Every structure is written in structure tokens, then in C-alpha cells.
Amino acid sequence: MHGLGNSYIYVDGFRDPLPNEERLPNLASEVANPYTGIGSDGLILILPSNVADVRMRVFNSDGSEAKNCGNGLRCVSKYAYEHQYVEHENFSIETLGGIVESQVHLDEEGKVSEVTVDMGVPRLKRKDVPMRGKGGALEENAIGVTETINGIDYTFTAVSMGNPHAVFFVDKLADAMIETVGPLIEKADLFPDGTNVEFISTLNASEIDFAVWERGSGITQACGTGACAAVVAAVLNGETKKDEAITVHLPGGDLTIHWSSKDDHVWMKGTAVTVCTGIYFQA
Ligand SMILES: N[C@H](CCC[C@H](N)C(=O)O)C(=O)O
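Residues numbered from 1 in each chain as written. Predicted model: local features only at pLDDT ≥ 70, side-chain atom pairs only at ≥ 80, totals over all residues. Heavy atoms only, no water.

Some words on the domain arrangement of the chain
Thinking step 1. Taken domain by domain, the chain comprises domain 1 (2-119) and domain 2 (126-268).
Thinking step 2. For domain 1 versus domain 2, the separation of C-alpha centres amounts to 23 Å.
Thinking step 3. Taken together, the contact pairs 23 residues of domain 1 with 23 residues of domain 2.
Thinking step 4. Across the domain 1 to domain 2 interface the summed buried area is about 1700 Å²; carbon plus sulfur atoms make up 50%.
Thinking step 5. On the domain 1 side of the interface with domain 2, the three residues burying the most area are Leu4, Asp118 and Met119, jointly 37% of the side's total.
Thinking step 6. Residue assignment for the side of domain 1 that touches domain 2 shows that the elements contributing at least two residues are α2 (70-82) and β9 (112-118).
Thinking step 7. Here the element with the most residues in the side of domain 1 that touches domain 2 is β9; it accounts for 4 residues. (Domains from an automatic or database assignment. Contact = heavy atoms within 4.5 Å. Buried area = accessible area lost by both parts, 1.4 Å probe. Helix = DSSP H or I, 4+ residues; strand = E, 2+ residues; numbered from the N terminus.)

A closer look at the UniProt feature "active site" (unreviewed entry) in the chain
Thinking step 1. The UniProt feature table records "active site" (unreviewed entry) at Cys69 and Cys223. Their sequence span is 155 residues, while the largest C-alpha to C-alpha distance among them is just 7.5 Å; these annotated residues converge on one region. Within the annotated group, the residues that form the lining of the largest cavity are Cys69 and Cys223.
Thinking step 2. Turning to its location among the elements, Cys69 is positioned in the loop between β6 (65-66) and α2.
Thinking step 3. In this structure Cys69 comes out as buried when scored by relative accessible area, which is 5%.
Thinking step 4. Cys69 has contacts with Asn6, Tyr8, Ile44, Met56, Val58 and Thr225, leaving out every residue within four places of it along the chain.
Thinking step 5. Looking at the secondary structure, you find Cys223 in the loop between β15 (218-219) and α4 (224-236). (UniProt positions renumbered as here; feature names shortened; annotations may be inferred. 1 Å grid on protein atoms, 1.4 Å probe; cavity = no way out; pocket = protein on both sides within 12 Å on 5 of 7 lines; lining within 4 Å. Buried < 20%, exposed > 50% of the residue type's maximum accessible area, 1.4 Å probe, protein only.)

Some points on the layout of surface pockets
Thinking step 1. Its volume calculated, the largest pocket comes out at about 740 Å³.
Thinking step 2. Lining the largest pocket we find 29 residues, and of these Ile9, Tyr10, Cys276, Thr277 and Gly278 sit closest to its centre.
Thinking step 3. Secondary-structure elements contributing two or more residues to the lining of the largest pocket are β3 (9-12), α1 (24-32) and α2.
Thinking step 4. Tallying contributions element by element places β3 first for the lining of the largest pocket, with 4 residues.
Thinking step 5. Split by residue class, the lining of the largest pocket holds 17 nonpolar, 7 polar and 5 charged.
Thinking step 6. Roughly 160 Å³ of internal volume is contained in the second largest pocket.
Thinking step 7. Lining the second largest pocket are 14 residues, with Lys67, Pro130, Gly162, Pro164 and Asp193 sitting closest to its centre.
Thinking step 8. Taken together, the residues of the lining of the second largest pocket break down into 4 nonpolar, 4 polar and 6 charged.
Thinking step 9. There are two domains that each give the lining of the second largest pocket at least three residues, and those are domain 1 (2-119) and domain 2 (126-268). (Points joined across faces, edges and corners; volume = space filled by probe spheres on them. Nonpolar A, V, L, I, M, F, W, Y, C, P; charged D, E, K, R; others polar.)

Brief notes about the site of the ligand
Thinking step 1. Around the ligand there are 15 residues in total, and Asn6, Tyr8, Gly70, Glu214 and Thr225 lie nearest to it.
Thinking step 2. Contact distances for the ligand include 2.9 Å between an oxygen atom and a side-chain N or O atom of Asn60.
Thinking step 3. A distance of 2.8 Å separates an oxygen atom of the ligand from a polar atom in the side chain of Arg215.
Thinking step 4. With the chains in place, 100% of the 360 Å² that the ligand exposes on its own is no longer accessible.
Thinking step 5. Considered class by class, the residues forming the shell around the ligand number 4 nonpolar, 9 polar and 2 charged.
Thinking step 6. Domain assignment of the residues forming the shell around the ligand places at least three in each of domain 1 (2-119) and domain 2 (126-268). (Near = heavy atom within 4 Å. Polar contact = N/O pair within 3.5 Å; in protein donor to acceptor, adjacent residues only side chain to side chain. Areas by Shrake-Rupley, 256 points an atom, 1.4 Å probe, with all protein chains shown as cover.)

Considering the pairing of β9
Thinking step 1. Counting buried positions along β9 yields 5 of 7 residues, so the element is predominantly enclosed.
Thinking step 2. As judged from the 6 bridges shared by strand β8 (residues 98-106) and β9, these two strands associate in the antiparallel manner. Across the sheet, residue Leu106 finds its bridge partner in β9, namely Val112.
Thinking step 3. Adjacent in sequence and paired antiparallel, β8 and β9 are bridged by 5 residues, among which Gly110 carries a positive phi angle near 80°.
Thinking step 4. Two strands pair when backbone bridges link them, and β9 and strand β18 (residues 266-271) are joined in this way by 5 bridges, in the antiparallel orientation. In the sheet register, Val115 faces β18, and the bridge partner there is Gly270. (Pairing = 2+ DSSP bridges.)

So, in C-alpha cells, the structure goes:
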């Protein structure tokens, strides 16, 4: 399945026996390999939960486990609803980054065409990203901070959506140097768990151009949590405002995101697509 071209191989843990825990990181790398595997940005497990209706586990293509995945949440929502693992169109999903609420939207054939996810409250304090306190105290936010990495100063805003994001504002995405700055920031010791790296250009108060270097997967077509972090960063830096329905233009397509002033939650709406089903023989 994919969300705006951010594709994962989904394993149905309600129905199928799961690989052993220690097998999962290598399995994620294997299935993600487009030459010797299937080809994806990683592996996602759809599982029963004791605290929500469904549980999602996300593994990047390098085998690292992530705490959240916005595009994954929409695809898990589509799958769980269409396989009757949930009874209603609104249900909860457990992630390592917390429990979120999802709402599926049906087409005329009763298939899920779009999904709205309440991604919860963004975490802004350095210690919650997590980010080390070199340029400021751990209890402080990191909004438009300048940190020196390998002798060069970088200015960005750090936001956690359950997973870490460093958001850079650029005049034009074409100037962003994603392939060099992306991995440098991803692995900087400033971020003890690494970080996803977003490059955004605010076109106006309701549109953002977006590109991403994902932790553990590199450049992807889309990053749902990253798009949420981008909107939060744009509001915090005065480029737009809360409650504005913002269209984030990702390489793989658009997401509609708003940061509610009512409950401080970030809401994401977008598509989810099933590509195929099959059997991976080296599971
Ligand atoms: N690479 C991310 C996980 C996938 C997030 C992304 N694909 C999304 O849609 O949010 C991380 O290590 O935190």
C-alpha cells in the first residue's frame, strides 16, 4: 500500500503468523529492496491492540523501528476498515508515539478513498523531540534555532509528531541540497535518536511546498508526520496560522493539514491506496 507514493509492505498480524521479533529489522530491509525484494520505503505491521482498536508498527528500509508514520496510519486505517477489523468508520490506532484517532471516508463502492487522522499534539520541547541542548535548554522549544554541525551553522525548527523532525525553510526547494544536508542532519549527534529532515517553502498562508529526507529511508515521495511537522513549524515561525486548512504539496501529492487552536491537535487528511497483495517467500 502507499500514501502519496510513500509505500510500505503491510503484514496482517490479525490473520497471519508474524516473523520472530529479531527477524523484523532485516525483513524490513529485505522487502524494501527493489532489486532482490519487493521495493518499498519499509515494512508496517497491522496488529491487534490491548489499548486501541488497531496497533501499527513501522520499520524503515534500514530496519530501524519508527514511532509513527502518517502515510502508514492512513493505509492501516483503510486496511483495517476494509477487512472488518474495526466496526465503525472512526477508530483508534496505537503507535509507539501514542494513540491516534482515525476517520475513514468511503467512495460509492464502500471502499476507503481518504482518511482523516487526528495526529495529536505536537511536542516542541528539545527533550521531547528529542534533541540535545547545545543551543538552548532541554525544557525550551527549538523554533528557528541555529546549531553548528560539522562547523556549519544550520537554522531550523524541531517538532515531534511522536517521531522527530527538523524543518528547514528554503526560498526554493530546488536549492535545498536534500541529498547532502538531509543525511548530515539525520545523523547529527544533536539528535540522539536521529531525525527526519524536511525542507519547506511557504507559497502563501494556505500552501506549502515540501520535500523530505526521512530518517532510516532517505528521500521519499511523502512523509505524513513530516507534513504535520512542517505546518506546525510554519505556524510557529509566523508563516501561517492555526486553524488554516493548509495544502502541503509533497512530491507524491497533496495532504490537507490543520493545527487546531481548539485542542492543539494536528489533523491530516489524504488518500491511501492498495497496490497488490501477495506472499513473500523469505518471511
Ligand atoms: N522515517 C520515519 C518513519 C516514517 C514516517 C513517514 N513515512 C510518514 O508518513 O510519517 C521515522 O523514522 O520517524
